[in-house]
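Fold and contact review
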Amino acid sequence: MSTERSQLGDVNVLASAASWAWPEALRSLFRPRGINLMVAENAGEFVHILGRTRIHTTILDMDSERSNALATIKIIRMDYPLLPCILLTSRVDADVLGRALALDVFGVIGKPVNMEVLQQLLNRLFLKKYNSDIFAQ
């Protein structure tokens, strides 16, 4: 176990469910690093999981039919104002970026998601927030 990992304990990332291969793509990025991926179907599940498990970051899909990502982030911010959130969207424009900024979203990634870009963003997030290079290349 790396020093960075032992300092963090179990590393947990919570992502929104998707009707596409998103969770499996995340697992392929996380599994080799020993990172646990949890998937929530809706805002209620996000809150439930956050209430019982230490989550290091969330990844929400703004295009999901299952839940409203921005509303979910607003709910998360009520009890977990410092929890880093990453937003995925097929529409990266000034409106979406402004709304994400107002909710203190750590990063916005356009879809289709380039996994290398996601890994770089996660690396910056974990270095800044947790002083961990668990996502380094």
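Preceding this paragraph is the structure being described.
Residues numbered from 1 in each chain as written. Predicted model: local features only at pLDDT ≥ 70, side-chain atom pairs only at ≥ 80, totals over all residues. Heavy atoms only, no water.

**Considering the sheet that holds strand β4 (residues 85-89)**
Just so we agree on the cut-off: Pairs of strands are assigned from DSSP output, requiring at least two bridges between the strands. Counting from the N terminus, the helices are DSSP H or I runs at least four residues long and the strands are E runs at least two residues long. As a rule, the C-alpha atoms of each element are fitted with a line to give its axis, helices using only the stretch in contact, and angles between N-to-C directions run from 0 to 180 degrees.
Taken together, the 5 strands give an open sheet; going across it, the order is β2-β1-β3-β4-β5, and neighbouring strands pair in parallel fashion. Of all the strands in the sheet, the pair left with one neighbour each is β2 (36-40) and β5 (107-110). For this sheet, the mean angle separating the axes of adjacent strands, direction not counted, is 20 degrees. Summarising the sheet, β4 and β5 pair through 4 bridges and their orientation is parallel. Paired with I86 across the two strands is G107, which belongs to β5.

**Description of helix α2 (residues 22-30)**
Note the following rule: Any residue under 20% of the maximum accessible area for its type is buried, any over 50% is exposed, and the rest in between are partly exposed; the area is computed with a 1.4 Å probe on protein chains only. Directions drawn from the helix axis to the C-beta atoms are what define this arc. Should any heavy atoms of two residues lie within 4.5 Å, those residues are counted as being in contact.
Within α2, burial applies to W22, P23, L26, L29 and F30. The buried side chains of α2 occupy one side of the element, clustering within an arc of 120 degrees when seen end-on. Each element contacted by the buried residues of α2 is listed here: β1 (12-16), β2, β3 (57-61), β4 and α6 (115-130).

**A word on the side chain of N123**
Following the sequence through the fold, N123 ends up in helix α6. On the accessibility criterion, N123 (18% relative accessible area) is buried. Once residues lying within four places of it in the same chain are set aside, the contact partners of N123 are S132, D133, F135 and A136.

**Things to note about helix α3 (residues 43-52)**
Heads up, the rule is: A 3.5 Å cut-off defines polar contacts: any pair of N or O atoms within that distance qualifies, except that in protein one atom must be a possible hydrogen donor and the other a possible acceptor, and neighbouring residues in sequence count only when both atoms are side-chain atoms.
Within α3 the residues assigned to the buried category are A43, F46, I49 and L50. The buried residues of α3 occupy one face: seen down the axis, they fall within an arc of 125 degrees. In α3, the exposed positions angled more than 90 degrees off the buried face are occupied by H48, G51 and R52. Packing partners of the buried residues in α3 comprise β1, β2, β3 and α4 (69-79). At the N-terminal boundary of α3, the capping side chain belongs to N42, with an oxygen 3.1 Å from the backbone nitrogen of G44.

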